[in-house]
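# Structural features, examined
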Amino acid sequence: NAGVTQTPKFQVLKTGQSMTLQCAQDMNHNSMYWYRQDPGMGLRLIYYSASEGTTDKGEVPNGYNVSRLNKREFSLRLESAAPSQTSVYFCASSDSPGQPQHFGDGTRLSIL
Amino acid sequence: QKEVEQNSGPLSVPEGAIASLNCTYSDRVSQSFFWYRQYSGKSPELIMSIYSNGDKEDGRFTAQLNKASQYVSLLIRDSQPSDSATYLCAVLQNNNAGNMLTFGGGTRLMVKP
């Protein structure tokens, strides 16, 4: 039972490069989320998808885009990476927005 | 912005003692509360959820909720070195993004042998 799977686990980018972080869940959850975690800042919501076919901005959406590809998959794209986007990115899923969330292992992203 | 506040710690307790972790929140209408444990370099793991005033026990863990005072706490009895981690409080709040979990910054717990 894989739960929530994120790829890649680590990535180093140069400023201005683009990349997509992938997330897939096998728990048949309706809702999926992207967070970033920075030292001393806790988890901050970037974007979420309450159900297949919908996406909405969270607390810190600037510089990111998302795609809910199907019920299982939710990707996060950085179009033009900036050093301020260096962080650990977590994908999570839940049955609905008010239910407990289950997290993937995270992607450690460094932007030089 | 509705807040969820935790003391960042570190909270240091000896092995076998009770560790008490506290969390306060600003949204009076919040109904759902969760505690996550996060080991260094790992992802958050759900350990407790609580929805009603009072205590909820699960093994060595007890969650306590007081909605009138707007705080939720986590007690860990017979603390073990393996409990050393950061504990995140999460509160379901209604904000600009709808009903979403808002996380506190976490309290780092150190259990010394």
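See the structure shown above.
Conventions adopted
Residues numbered from 1 in each chain as written. Chains lettered and ligands numbered in written order. Predicted model: local features only at pLDDT ≥ 70, side-chain atom pairs only at ≥ 80, totals over all residues. Heavy atoms only, no water. Helix = DSSP H or I, 4+ residues; strand = E, 2+ residues; numbered from the N terminus. Rg over C-alpha atoms; globule rule 2.2 N^0.38 Å. Buried < 20%, exposed > 50% of the residue type's maximum accessible area, 1.4 Å probe, protein only. 1 Å grid on protein atoms, 1.4 Å probe; cavity = no way out; pocket = protein on both sides within 12 Å on 5 of 7 lines; lining within 4 Å. Points joined across faces, edges and corners; volume = space filled by probe spheres on them. Phe/Tyr/Trp six-rings, centres within 6.5 Å; stacked < 30°, edge-to-face > 60°. Disulfide = S-S within 2.5 Å.

Moving on: the overall build of chain B. Helix and strand counts for chain B stand at 0 helices and 11 strands. Ordered by position from N to C terminus, the α and β elements of chain B give β-β-β-β-β-β-β-β-β-β-β. What you see for chain B is a C-alpha radius of gyration of 14 Å, in line with the 13 Å of a compact globule of 113 residues. Residues counted as buried form 45% of the 113 residues belonging to chain B.

One way to see where empty space is left: roll a probe the size of a water molecule over the atoms. Here the second largest pocket is characterised by a volume of approximately 370 Å³. Forming the boundary of the second largest pocket are 19 residues, of which Gln 37 of chain A together with Gln 38, Ser 40, Gly 41 and Thr 86 of chain B lie nearest the centre. Elements represented by at least two residues in the lining of the second largest pocket include exactly strand E4 (31–38) and strand E9 (87–94) of chain A together with strand E9 (85–95) of chain B. Element by element, the count of residues in the lining of the second largest pocket is highest for E9 of chain B, at 3 residues.

Attention now goes to the packing of aromatic side chains. A complete count under the given rule lists 10 aromatic pairs over all chains for this structure. Consider the rings of Phe 103 of chain A and Tyr 36 of chain B, whose centres lie 5.6 Å apart with planes at 90°: the pair is edge-to-face. Here Phe 103 of chain A is found in strand E10 (residues 102–103), whereas its partner Tyr 36 of chain B is found in strand E4 (residues 33–38) on a different chain. Here Phe 103 of chain A and Tyr 36 of chain B have matching classes, each one buried.

A cis geometry characterises the amide bond from Thr 7 of chain A onward to Pro 8 of chain A, with omega recorded as -10°. Here Pro 8 of chain A is to be found in the loop between strand E1 (4–7) and strand E2 (10–13). A positive phi angle, near 45°, is found at Asp 78 of chain B, a position not held by glycine. Locating Asp 78 of chain B in the fold gives a position in the loop between strand E8 (71–76) and E9. Accessibility expressed as a relative area gives 42% for Asp 78 of chain B, which makes it partly exposed.

Under the definition given, this model contains 2 disulfides over all chains. Here Cys 23 of chain A pairs with Cys 91 of chain A through a disulfide, and the sulfurs are 1.9 Å apart. Measuring the twist about the S-S bond at about -75°, one finds the Cys 23 of chain A-Cys 91 of chain A disulfide to be left-handed. Placement of Cys 23 of chain A in strand E3 (residues 19–25) and of Cys 91 of chain A in strand E9 is noted, with a sequence separation of 68 residues between them. Each sulfur of the disulfide joining Cys 23 of chain B and Cys 89 of chain B lies 2.1 Å from the other. Looking down the S-S bond of the Cys 23 of chain B and Cys 89 of chain B bridge, the torsion is -70°, so its handedness is left-handed.

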